[in-house]
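Residues per chain are reported as follows:
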Amino acid sequence: MSRRHRPPIVATSIGGLAAAFLLLPLAGLAWRAPWSSIVDDLTDPAARTALRLSLLCSLWATFLAAAVGLPLAWVLARVELPGRRLLRALVLVPLVLPPVVGGVALLLAFGRRGLVGQYLDSWFGITLPFTMAGAVLAEAFVAMPFLVITAEAAFRGADRRYEDAARTLGASPWTVFRRITLPLTGRALAAGGVLAWARALGEFGATITFAGNTPKRTSTLPLQVYLLLESGHLESAIALSMVLLVVCVAVLVVLRDRWTGLP
Amino acid sequence: MRTRRLCWIPAALLTLAFAVPACGSDGSSGSAGPAPTGAALSGALEVSAASSLTEAFTELGKRFEVAHPGVDVTFNFAASSTLARQVNDGNDVDVLATADEANMEKVTTAGNAVDPRTIARNRLAIIVGRGNPKAITGLADLGKRGVVFVVCAPEVPCGAFASVALTKAGVTAAPASLEENVKAVVSKVTLDEADAGIVYVTDVKAAGAEAEGVDIDIAGDPRLEAVYPIAIAKQASHLAAAKAWIAFVLSDEGQEVLTSFGFRAP
């Protein structure tokens, strides 16, 4: 009994090192944060606008990623398609692509003269760069793979015998998905959604490259932080980063316990 | 079986990861020894320079290495504000060249560089796509309906200049985007997302056939001329090579190269 309760020393100490490695930079931020003026920095109208915009864009991006990413994950997990392995690898490309390159790629696809964008412009008069929709698109591009990987693993891991049983009892595919698959995988799907949202909230490179930096439309918090750093306003930049951090950690902690069951 | 056979891969990667930087530091510590006093300079000269100097300094670097075969010039091109911050944060480069005096002052007042000298000047220009499809002839045209134009963010020097220029020309229309550096403005125009952008004359030249320039006619306004100072960093570990580099940039040959890329003489 006592053996089982003693924490394994090697794993615990290496794990402790890893945790320190992840937490020390955050401690550095907290250490340099201008605590005396932080209220002014945070109630600054420009900062509040940027925070609101960041939350709005990241939520839309998560919604978009879920709306098309969940069906994709389901297809990747369940449907025998030719070239499925290749497709699965390609879907993950935004994870390894430097976000700035992702932004250029988005311009070449959805920009005013892009592969698809030129028709959006000439047929519908829609141009995405420099608009909020563009910022949402850039964030969704970078964030969706997080949702797709998590959801695909969940769909794959769900015990299909329950689904088969429901189907033999006459349930339609949609009913099976709604009544069996979703309850089985719900926590993992929510975890994927939260991961994607967090990634979208912090997105910088693809956003500034594809959507530009337009006040009130695409100038999200990470962009503001970067420009503040560029102009030597280190303290204000840290204050804004702290907002992003606090919001993100708060949401992750609350959701973790409530629904996601993140490990 | 398969996992066992593959288990050497992480180990090999780890070894590589440690071995490669070890080799690198080995080489540079060897060259960072006593500064050579004779004619034969050697070592790895590290130059941090404003991104608008990219093409000109790259060319100058090639010529410098021909003249001093023992020296290996490496560049770090970025926004002047980024470079100034890096030097003040202890990034030990040998030479710093910025695109404005304000950022150089941040470094000199912090005591991290001394005695800056002006190597070149630069002027603003409007960059437009090939063939100038929106027929832009001056700053005033940027305010016309249907013209999408971008500038640098006011936090970077080119954006500060652009905002002065726009105010002076009476343009009240808002730019579509405030880009993070001057090259981002160029690429928004060359990718045809924007019809026009405000950049430096040198950037129009560097964009080559992909873009055209329209002169901005606000002659003689010192607020609209960028001044490029250069200085030796206090942490310089290759002092002799750094001095030789600055002398070379200021020499007739160096100035000729800078002029050929669109810069004006200091």
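Residues numbered from 1 in each chain as written. Chains lettered and ligands numbered in written order. Predicted model: local features only at pLDDT ≥ 70, side-chain atom pairs only at ≥ 80, totals over all residues.

S.K.: What should I look at first to understand the overall build of chain B in this one?
M.R.: For chain B, the count of helices and strands is 10 helices and 9 strands. Restricting the contact set of chain B to residue pairs at least 6 apart, pairs at least 24 apart contribute 76%. (Helix = DSSP H or I, 4+ residues; strand = E, 2+ residues; numbered from the N terminus. Contact = placed C-beta atoms within 7 Å.)

S.K.: Just checking my understanding: could you explain the overall build of chain A for this structure?
M.R.: Along the backbone of chain A there are 14 helices and 0 strands. Helices (α) and strands (β) of chain A occur, in sequence order from the N terminus, as α-α-α-α-α-α-α-α-α-α-α-α-α-α. Oriented by its inertia axes, the alpha-carbon framework of chain A measures out at about 70 × 65 × 30 Å. Split into buried and exposed, the 263 residues of chain A put 38% on the buried side. The long-range fraction of contacts in chain A, counting pairs at least 24 apart against all pairs at least 6 apart in sequence, stands at 74%. (Buried ≥ 20, exposed ≤ 12 C-beta atoms within 10 Å, placed from the backbone.)

S.K.: Just checking my understanding: could you explain the packing of helix H7 (residues 99–110) of chain A against helix H9 (residues 132–157) of chain A for this structure?
M.R.: Working note: a packed helix pair is described by the angle between its axes plus the distance between those axes. Residue and element names in this part refer to chain A. Packing of H7 against H9 leaves a shortest axis separation of 10 Å and a crossing angle of 120°. Taken together, the axes of H7 and H9 are oblique relative to one another. For the crossing formed where H7 meets H9, the hand is right-handed. Residues Pro99, Gly102, Gly103, Leu106 and Phe110 of H7 pack against Leu137, Ala138, Phe141 and Val142 of H9. (Axes fitted to C-alpha atoms, helices over the stretch in contact; angles between N-to-C directions. Parallel < 35°, antiparallel > 145°, perpendicular 65-115°, else oblique. Left-handed = near helix turned anticlockwise from the far one by under 90°.)

S.K.: When you look at the interface of chain B and chain A in this model, what are you seeing that I'm missing?
M.R.: Size of an interface: often given as the accessible area lost when the parts come together. On the chain A side, the residues contacting the 17 residues of chain B number 15 residues. Contributing elements (two or more residues each) for the side of chain B that touches chain A: helix H4 (80–88) and strand E6 (177–179) of chain B. Looking at side-chain class alone, the side of chain B that touches chain A contains 7 nonpolar, 3 polar and 7 charged residues. (Nonpolar A, V, L, I, M, F, W, Y, C, P; charged D, E, K, R; others polar.)

S.K.: How should the environment of Gly131 of chain B be read in this particular structure?
M.R.: Structurally, Gly131 of chain B can be placed in the loop between strand E4 (113–129) and strand E5 (149–152). A sequence separation of 80 residues divides Gly131 of chain B from Ala211 of chain B, and the C-alpha atoms of the two residues are 7.9 Å apart.

S.K.: How should I be thinking about the domain arrangement of chain B in this particular structure?
M.R.: All names here are of chain B. Domain annotation for chain B reports domain 1 (38–121 + 227–260) and domain 2 (122–224). Here the C-alpha centre of domain 2 lies 27 Å away from the C-alpha centre of domain 1. With 11 residues of domain 1 at the contact, the number on the domain 2 side is 11 residues. Grouping the amino acids of the side of domain 1 that touches domain 2 by side-chain chemistry returns 4 nonpolar, 4 polar and 3 charged. (Domains from an automatic or database assignment.)

S.K.: Looking at this structure, how should I read helix H10 (residues 252–260) of chain B?
M.R.: Think of an α-helix as 3.6 residues a turn; residues three or four steps apart then line up on the same face. All names here are of chain B. When we look at burial in H10, the residues that qualify are Gly254, Val257 and Leu258. Mapping the buried residues of H10 onto a view down its axis gives an arc of 100°, with all of them on the same face. Exposed residues on H10 whose side chains face more than 90 degrees from its buried face are Asp252, Glu256 and Ser260. Looking at the packing, one finds that the buried side of H10 touches helix H3 (54–67), E4 and helix H9 (239–250). Of the residues trailing H10, Gly262 is marked for its positive phi of about 100°. (Arc of directions from axis to C-beta.)

S.K.: How should I be thinking about the environment of Arg113 of chain A in this particular structure?
M.R.: Looking at the secondary structure, you find Arg113 of chain A in the loop between H7 and helix H8 (117–124). Along the primary structure Arg113 of chain A and Gly192 of chain A are separated by 79 residues, whereas in three dimensions their C-alpha atoms are 33 Å apart.

S.K.: Any chance you could explain unusual backbone geometry here in plain terms?
M.R.: Most peptide bonds adopt trans geometry, and most residues besides glycine take a negative phi value. Residues and elements named next belong to chain B. Non-glycine residue Asn132 carries a positive phi angle of around 45°. Within the secondary structure, Asn132 is located in the loop between E4 and E5. Even without being glycine, Asp192 reaches a positive phi, approximately 70°. Tracing the backbone shows Asp192 in the loop between helix H7 (182–190) and strand E7 (196–200).

S.K.: Just to check I follow, could you spell out H9 of chain B for this structure?
M.R.: All names here are of chain B. The first and last C-alpha atoms of H9 sit 17 Å apart over 12 residues, in line with the 16 Å expected at 1.5 Å per residue. Residues of H9 that are buried: Ala241, Ala242, Trp245, Ile246 and Val249. Down the axis, H9 shows its buried residues gathered within 135° of arc, on one side only. (Expected span 1.5 Å × (residues − 1).)

S.K.: Whenever I open this one, the environment of Ile126 of chain A confuses me. Can you help?
M.R.: All names here are of chain A. Position of Ile126 relative to the elements: it lies in the loop between H8 and H9. Using a count of 14 C-beta atoms within 10 Å as the deciding quantity, one classes Ile126 as partly exposed. Taking the C-alpha atoms as reference, Ile126 lies 47 Å from Arg161; in sequence the two are 35 residues apart. If near-sequence neighbours (up to four positions away) are discounted, Ile126 is found in contact with Leu120 and Asp121.

S.K.: Which parts of the structure should I look at to understand the pairing of strand E9 (residues 225–233) of chain B?
M.R.: Note on strand geometry: in a regular strand, side chains alternate between the two faces of the sheet. Residues and elements named next belong to chain B. Of all 9 residues that make up E9, 7 are buried, and the element is covered over most of its length. Both strand E3 (residues 95–97) and E9 contribute to a ladder of 3 bridges, which runs antiparallel. Note on E9: the bridge partner recorded for Val95 is Ile232. By the bridge criterion, 8 bridges tie E4 to E9 in an arrangement that is antiparallel. The residue of E9 that forms the bridge with Ala113 is Ala233. (Pairing = 2+ DSSP bridges.)

S.K.: Help me understand the packing of H3 of chain B against H10 of chain B in this model?
M.R.: Residues and elements named next belong to chain B. At a minimum axis separation of 9 Å, H3 and H10 run at an interaxial angle of 145°. In this structure, the crossing between H3 and H10 has a hand that is right-handed. In contact with Ala56, Glu59 and Leu60 of H3, H10 contributes Gly254, Val257 and Leu258. Residue composition of the contact of H3 with H10, grouped by class: 4 nonpolar, 1 polar and 1 charged.

S.K.: Explain the nonpolar core here, please?
M.R.: The nonpolar side chains of soluble globular proteins are, as a tendency, buried together. Counting residues in each nonpolar core, the largest one holds 137 residues, and the members touching the most others are Ala143 and Leu147 of chain A together with Val95, Leu96, Ile127 and Val199 of chain B. Sorting elements by how many residues they give to this core places H9 of chain A first, with 16 residues. No fewer than three residues from each of domain 1 (38–121 + 227–260) and domain 2 (122–224) of chain B sit in this core. (Core = buried A, V, L, I, M, F, W, Y, C linked by C-beta atoms within 7 Å.)

S.K.: Help me understand the confidence of the model for chain B in this model?
M.R.: Detail in the predicted coordinates should be disregarded across regions flagged by low pLDDT. All names here are of chain B. Per-residue pLDDT for chain B has a mean of 84; in total, 83% of the residues score no lower than 70. Across residues 1–7, where pLDDT falls below 50, the model places 0 contacts with residues more than four positions away in sequence or in other chains. Ignoring residues within four places in sequence, the model shows residues 18–38, a span with pLDDT below 50, making 13 contacts including any to other chains. (pLDDT = per-residue confidence, 0-100.)

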